[in-house]
Number of protein chains: 4
Amino acid sequence: MPMPLNPEQQAEIDAMRAASTPTRRACAPALEEILYQAIPVLDHGFIRVVDYMGDDGAIVQAARVSYGRGTRRVSEDKGLIAYLMRHRHTTPFEMCEIKYHVKLPIFVARQWIRHRTANVNEYSARYSILDKEFYVPAPDQLSSQSSDNRQGRGNVLQGVEAARVHELLRDDANRAYDHYMELLNENEDGARRDPARDGLARELARMNLTLNYYTQWYWKTDLYNLLRFLGLRADSHAQYEIRVYAEAMIDTLKLWVPLAHAAFMEYEHGGVRLSATALESVKRMIAGEKIGQAESGLSKREWRELMTVLELES
Amino acid sequence: MPMPLNPEQQAEIDAMRAASTPTRRACAPALEEILYQAIPVLDHGFIRVVDYMGDDGAIVQAARVSYGRGTRRVSEDKGLIAYLMRHRHTTPFEMCEIKYHVKLPIFVARQWIRHRTANVNEYSARYSILDKEFYVPAPDQLSSQSSDNRQGRGNVLQGVEAARVHELLRDDANRAYDHYMELLNENEDGARRDPARDGLARELARMNLTLNYYTQWYWKTDLYNLLRFLGLRADSHAQYEIRVYAEAMIDTLKLWVPLAHAAFMEYEHGGVRLSATALESVKRMIAGEKIGQAESGLSKREWRELMTVLELES
Amino acid sequence: MPMPLNPEQQAEIDAMRAASTPTRRACAPALEEILYQAIPVLDHGFIRVVDYMGDDGAIVQAARVSYGRGTRRVSEDKGLIAYLMRHRHTTPFEMCEIKYHVKLPIFVARQWIRHRTANVNEYSARYSILDKEFYVPAPDQLSSQSSDNRQGRGNVLQGVEAARVHELLRDDANRAYDHYMELLNENEDGARRDPARDGLARELARMNLTLNYYTQWYWKTDLYNLLRFLGLRADSHAQYEIRVYAEAMIDTLKLWVPLAHAAFMEYEHGGVRLSATALESVKRMIAGEKIGQAESGLSKREWRELMTVLELES
Amino acid sequence: MPMPLNPEQQAEIDAMRAASTPTRRACAPALEEILYQAIPVLDHGFIRVVDYMGDDGAIVQAARVSYGRGTRRVSEDKGLIAYLMRHRHTTPFEMCEIKYHVKLPIFVARQWIRHRTANVNEYSARYSILDKEFYVPAPDQLSSQSSDNRQGRGNVLQGVEAARVHELLRDDANRAYDHYMELLNENEDGARRDPARDGLARELARMNLTLNYYTQWYWKTDLYNLLRFLGLRADSHAQYEIRVYAEAMIDTLKLWVPLAHAAFMEYEHGGVRLSATALESVKRMIAGEKIGQAESGLSKREWRELMTVLELES
């Protein structure tokens, strides 16, 4: 995997990591270990945690509206956090906050931004010039359209077709960027390319880039809304290109708030929802009844989904 | 200006406009007149109002938490709405809601979506195939980068340079779309292009399009947040390509809630903010003192901004 | 149940109901039937729908980002709405909006307002004088503290204790109001009580009222956030005094968007969530295994909750 | 001023303050100095900062989407922050977050909670028993209703009337609490008062308390929304009892983000807004014209407001 940072960027990060200040605030030591470090995602992207507020104890503290730490024994805190998650007492989770710096393809950014309960500062192509970095799917992600799901992928493309896809994506992205620089009338070193021309305004020239170009932003959210984001985007129905970001973020979640992470995996990520009708079927199956889709009252699709959840043959 | 709708779309809109139902709800007759109609913006875009809730009376009604209409004489309602706007009593304005269907270039959509207090449903290129429609600036909008504002436009490009810009934008967008269809392995009529190939998944192929391609969405917000959006996006500092949408929306605002529109123009759109230091300068100028930037305590830039606001020479 | 409206209020409502205007907007005829009508809740409270935007078709329309109504056959719409609900595609539900006028005790309002994604205009006791109306629980709601749930009710109080509770609540509320008027130096008819006194400012005098006094507000939210509110507040764990409001609102939901209502009852209100560990137990039970809490890996409390869900003995 | 904490609470706070951990995160040393300390407000209330994220540098860093600290010279950072504030580039301010523990009268909490863009965990009177602490205005705040502003205070009450107000407020609050405990059937030490009685559920008994009783909550918000809260609640039109909280928070703002604080005081708290018509009058006055309300086009009320802003006689 190529390194997503240039030496100057890495040096800035190293300088941040080298400095340490005493604080009275709650700290998450395991998260401090990786603070500011870029965790590679896709071919040129990354996530890195650049700040956080609170830890597992802050959830407990807020739930108890306490004067001190609020925590008791670890087992009690764990039980309380699990209880809060299970019973959808969401507000104590809002008391923790995390800030990521993310580099991601524009088409992924467009999905991501639909989660509105977050704070975002994106690198502005009105002010600045974007780097020549674009996403091309790895060979094992070059998939055809799913035949049974209008929003999904089917088989991985092979041979000539795969090669042609790669060629088209690369050529178009490269050409778009060359023309972007020509429109701007700038060279890579920032010098004016043709002194006789003015160059097109940045806010206009950017429109010539393709949607796989990388952008970057600072993205900050509270723990509750992070869990909702992860619940939807780490789900198997999410597009692969955003799911890998969500999965990398779940790793940082575990370092930050291990008890909330465990509760999330137990109740949300690993949990399931059953409809009223599906619950009836489950009760009958537990009672020993042999039922099929016809008897269940469920549609074929919902029956298949239930069989998948229960790991039974449909 | 080209018509942004095809005949089928126009027929669907006409059918909606032809139907009428009695309702007990508050109505805004002038807005009903244009309901569902596409108002062209840019070369292929539009806005159209597809639903609304409330009118000027609903603002008054909410401010008074009344059982009936809440309105009194028009002059009283006008005064109350102006008072609410002036004193930032924002919640009564939240009691009106409007829903637009908007067709807009992707790079404009990316600015727009930063306003988070709204509801959005965007046309999905994971499920569906985008149309071959992209934005190319009109000749009078083909501007160079501003020399004194990193986020703005300077002179309009001329002659050969302008022609070359148009050529590049058009060629790259056309090529990107042709390759998009090749990646999908589809013809314009939806038929499979090459039976020997699978075609790339839609959620991947879309990344080959350029940022000037049009997307569309349903966008719904309350009146207070609409006014904030318009205050920022109809401002002279906003990029032209989003400002024209905001201006078209201000026209619909006037039809919908004329009293709130008037208050907005008076206090927000046409009003100004003065800093503490600028206010001191204004007081001294009113007292007859001749002061320049040096005496004002303002930075050069802020002094220039103040002179612009006061229509004085700096 | 006492009528929560005085004749003037009822007359204003009747006048609103009598008027009808043609509109091109989507209408929900069954909801129009009850528009503006006060539906009594508790001893002096009510909810009434005062405006709405959209219907079931608007959900479908937004999901399809269509030019026309977007709906097809009812069965298709029903299936799509169920699919959206099941797979947590929440944004199309945000395209419908509803506005209630609610009269409710202050302690209920304090729970309710914790749902932040809504627009609220409350009757202001800084400007106006509150009416002499306070909540006293009906005899069957006069419950003791639950012995096994720190946040719940136990047995209904009886006899002397119940009578004493009623007496205390009534006497204190009556006295607080009499003193409120004395502080304001006003009579019920608005006349000054004692010409020699100034009277305390309204914004201060209100602090002498007890938390069971009724307040009222306009409350507006989109359908998605309404369903979240109802999911939590119509739940059996919610306090009775807010649950009865949620239940009355579910009745209006059914009149407004019957397909979304049905999906809500099937997937949210009547559905259940199973944790990863509970799901494992369910699979084993379906396979015919006899397991108890010890084998399940669940805590005693979670096991009991699972047995309740499955209607089995724990 | 009485101390708002009991010895156990103070000990918990002292223990938090005594601990220190090294962190790689941005720190605000001046704010660390007062972290966790209770700052008294009103007769029994307080605010205390219990956590924070970011500093002035974090605003700059986000505005630049930088890899390192993002800050340059202090003067440059100051200029950038002022520029962002002046031009309503609000998102970089959202990158800082602060969490307060606040103890406040219920009627103040009800105003406060109307600011919805914040995270809140309130002490629950469904689970727990409230302390016997209620607010009584100091003699200099015992004001009559304003005669020219329906939402304001007039003269301070004197002599017999003031004494009677104090007596009523105290007596009713004391009685309400005694009856609250009787309803609960509990003594101050938590013991059951009358073994023959069950006691009313906590979620019901609380309704007997008056609105001047103190509650407490954890309240967390980002810097942008904090500034909006302070802009409205530290304003001279805000009710005194919430304004004193806002003013105490402004002091903590200065310790946390001194550059943002300075920009806030210059552009928001100390700045003014002029309507389009008021701006015209100002221009004419600067040009030496003598104009009165009649010539200005402003209403009498707006003219008076303008004269106040300009410190001129109306």
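Predicted model, so just to flag it, every value in this text is computed and none were measured. (Residues numbered from 1 in each chain as written. Chains lettered and ligands numbered in written order. Predicted model: local features only at pLDDT ≥ 70, side-chain atom pairs only at ≥ 80, totals over all residues.)

1. Considering the overall build of chain A
Inference 1: Helices and strands together make up the secondary structure of chain A, namely 13 helices and 9 strands.
Inference 2: Along the first, second and third principal axes, the C-alpha set of chain A runs to 80 × 60 × 30 Å.
Inference 3: Burial statistics for chain A: of 314 residues in total, 47% are counted as buried.
Inference 4: Of the contacts made within chain A by residues no fewer than 6 positions apart, 66% connect residues no fewer than 24 positions apart. (Helix = DSSP H or I, 4+ residues; strand = E, 2+ residues; numbered from the N terminus. Buried ≥ 20, exposed ≤ 12 C-beta atoms within 10 Å, placed from the backbone. Contact = placed C-beta atoms within 7 Å.)

2. Re the packing of helix H4 (residues 74-86) of chain C against helix H10 (residues 258-269) of chain C
All names here are of chain C.
Inference 1: Taken N-terminus to C-terminus, the directions of H4 and H10 make an angle of 40°; their axes are 9 Å apart at the nearest point. Relative to H10, the element H4 is oriented oblique. In the crossing of H4 with H10, the sense of the turn from one axis to the other is right-handed. Each of Asp77, Lys78, Ile81, Ala82, Met85 and Arg86 in H4 lies in contact with H10, whose residues at this interface are Leu259, Ala260, Ala263, Phe264 and Tyr267.
Inference 2: Broken down by class, the residue content of the contact of H4 with H10 amounts to 8 nonpolar, no polar and 3 charged. (Axes fitted to C-alpha atoms, helices over the stretch in contact; angles between N-to-C directions. Parallel < 35°, antiparallel > 145°, perpendicular 65-115°, else oblique. Left-handed = near helix turned anticlockwise from the far one by under 90°. Nonpolar A, V, L, I, M, F, W, Y, C, P; charged D, E, K, R; others polar.)

3. Some thoughts on the sheet that holds strand E8 (residues 214-222) of chain A
All names here are of chain A.
Inference 1: Pairing within the open sheet is antiparallel, and its 5 strands lie in the order E2-E3-E4-E8-E5. Both outer strands of the open sheet, strand E2 (39-41) and strand E5 (119-122), are each paired with one neighbouring strand and no more. In this sheet, adjacent strand axes meet at a mean angle of 25° when their direction is disregarded.
Inference 2: As judged from the 7 bridges shared by strand E3 (residues 45-53) and strand E4 (residues 97-105), these two strands associate in the antiparallel manner. Within the sheet, the bridge partner assigned to Asp51 lies in E4 and is Lys99.
Inference 3: Here helix H9 (residues 240-256) sits on the sheet and contacts E2, E3 and E4; the angle it forms with E3, its principal contact strand, is near 35°. (Pairing = 2+ DSSP bridges.)

4. Re the interface of chain D and chain A
Inference 1: In this assembly, 44 residues from chain D lie in contact with 44 residues from chain A.
Inference 2: When contributions to the side of chain D that touches chain A are tallied by element, the ones reaching two or more residues are helix H1 (7-18), strand E1 (21-23), strand E3 (45-53), helix H3 (56-64), strand E4 (97-105), strand E5 (119-122) and strand E8 (214-222) of chain D.
Inference 3: In terms of residue count, H1(D) provides more of the side of chain D that touches chain A than any other element does, 6 residues in total.
Inference 4: Here the residues of the side of chain D that touches chain A are counted per class, giving 21 nonpolar, 10 polar and 13 charged.

5. Examining the relation of the copies chain D and chain A
Inference 1: Superposing chain D onto chain A takes a rotation of 180° plus a shift of 0.0 Å along the axis, which leaves an RMSD of 0.0 Å. Between the two chains, the operation in question is that of a two-fold axis. It is D:Pro22 whose C-alpha, among those of chain D, lies nearest the rotation axis, at 2.0 Å.
Inference 2: Both copies contact each other with a shared surface, as 100% of the interface residues of chain D are interface residues in chain A too. (Least-squares fit on C-alpha atoms with pLDDT ≥ 70 in both.)

6. A closer look at the relation of the copies chain B and chain A
Inference 1: Superposing chain B onto chain A takes a rotation of 180° combined with a translation of 0.0 Å along the rotation axis, leaving an RMSD of 0.0 Å.
Inference 2: The overlap is high: 100% of the interface residues of chain B also sit at the interface in chain A, so the same surface is used on both sides.

7. Quick look at the interface of chain B and chain A
Note on interface size: it is often stated as the accessible area lost on association of the parts.
Inference 1: Each partner contributes to the interface: chain B provides 43 residues, whereas chain A provides 44 residues.
Inference 2: Going through the elements one at a time, helix H5 (106-112), strand E6 (143-145), strand E7 (153-156), helix H6 (159-184) and helix H7 (202-205) of chain B are the ones with two or more residues in the side of chain B that touches chain A.
Inference 3: No other element matches H6(B), which puts 10 residues into the side of chain B that touches chain A.
Inference 4: A class-by-class count of the residues in the side of chain B that touches chain A yields 18 nonpolar, 11 polar and 14 charged.

8. A look at helix H3 (residues 56-64) of chain A
Inference 1: The element H3(A) is largely enclosed, with a buried count of 8 among its 9 residues.
Inference 2: Of all the residues in H3(A), the buried ones are A:Asp56, A:Ala58, A:Ile59, A:Val60, A:Gln61, A:Ala62, A:Ala63 and A:Arg64.
Inference 3: Buried residues along H3(A) sit against helix H4 (74-86) and helix H10 (258-269) of chain A together with E3, E5 and E8 of chain D.

9. Digging into unusual backbone geometry
Inference 1: You will see that A:Arg88, though not glycine, has its phi angle at about 55°, which is positive.
Inference 2: Looking at the element boundaries, A:Arg88 is found in the loop between H4 and E4.

10. Remarks on the environment of B:His261
Residues and elements named next belong to chain B.
Inference 1: Residue position: His261 is located in helix H10 (residues 258-269).
Inference 2: A residue is classified by how many C-beta atoms lie within 10 Å of it, and His261, with 22 of them, is buried.
Inference 3: It is 7.8 Å that separates the C-alpha atoms of His261 and Ile250, two residues lying 11 residues apart in sequence.

11. Some remarks on the sheet that holds E3(D)
Residue and element names in this part refer to chain D.
Inference 1: Read from one edge to the other, the open sheet built from 5 strands follows the order E2-E3-E4-E8-E5, with strand pairing classed as antiparallel. The open sheet has two edge strands with one neighbour each: strand E2 (39-41) and E5. Here the strands of the sheet are splayed against their neighbours by 25° on average, with no regard to which way each runs.

12. Thoughts on H3(D)
Inference 1: Tucked into the core, H3(D) has its buried residues touching E3, E5 and E8 of chain A together with helix H4 (74-86) and helix H10 (258-269) of chain D.
Inference 2: Just beyond H3(D), the residue with positive phi is D:Val65, at close to 45°.

13. Observations concerning the domain arrangement of chain A
Inference 1: Its domain assignment divides chain A into domain 1 (1-135 + 213-271), domain 2 (136-211) and domain 3 (276-309).
Inference 2: For domain 2 of chain A versus domain 3 of chain A, the distance between C-alpha centres works out to 47 Å. (Domains from an automatic or database assignment.)

14. Re the pairing of E5(D)
Residues and elements named next belong to chain D.
Inference 1: Taking every second residue as pointing to the same face, both faces of E5 are buried, with Asn119 and Asn121 on one and Val120 and Glu122 on the other.
Inference 2: Where E5 meets E8, 4 bridges bridge the pair, whose relative direction is antiparallel. Residue Asn119 lies in a different strand from E8, and its bridge partner there is Lys220.

15. So, the environment of B:Arg116
Inference 1: Among the secondary structure elements, B:Arg116 is positioned in the loop between H5 and strand E5 (119-122).
Inference 2: When the 17 C-beta atoms within 10 Å are taken as the criterion, B:Arg116 is described as partly exposed.

16. Side note on the environment of C:Ala234
Residue and element names in this part refer to chain C.
Inference 1: Checked against the element boundaries, Ala234 lands in the loop between helix H8 (223-233) and helix H9 (240-256).
Inference 2: Ala234 sits in the buried class, given 20 other C-beta atoms within 10 Å.
Inference 3: Distance in space between the C-alpha atoms of Ala234 and His269 is 8.1 Å, their sequence separation being 35 residues.
Inference 4: Ignoring sequence-local partners within four residues, the contact set of Ala234 consists of Arg243, Ala246, Glu247, Ile250 and His269.

17. Examining the confidence of the model for chain A
One rule of thumb: low pLDDT means the predicted coordinates there are not for detailed reading.
Inference 1: Mean pLDDT over chain A works out to 94, with 99% of the residues at or above the 70 mark.
Inference 2: ipTM for the predicted complex: 0.95, alongside a pTM of 0.96. (pLDDT = per-residue confidence, 0-100.)

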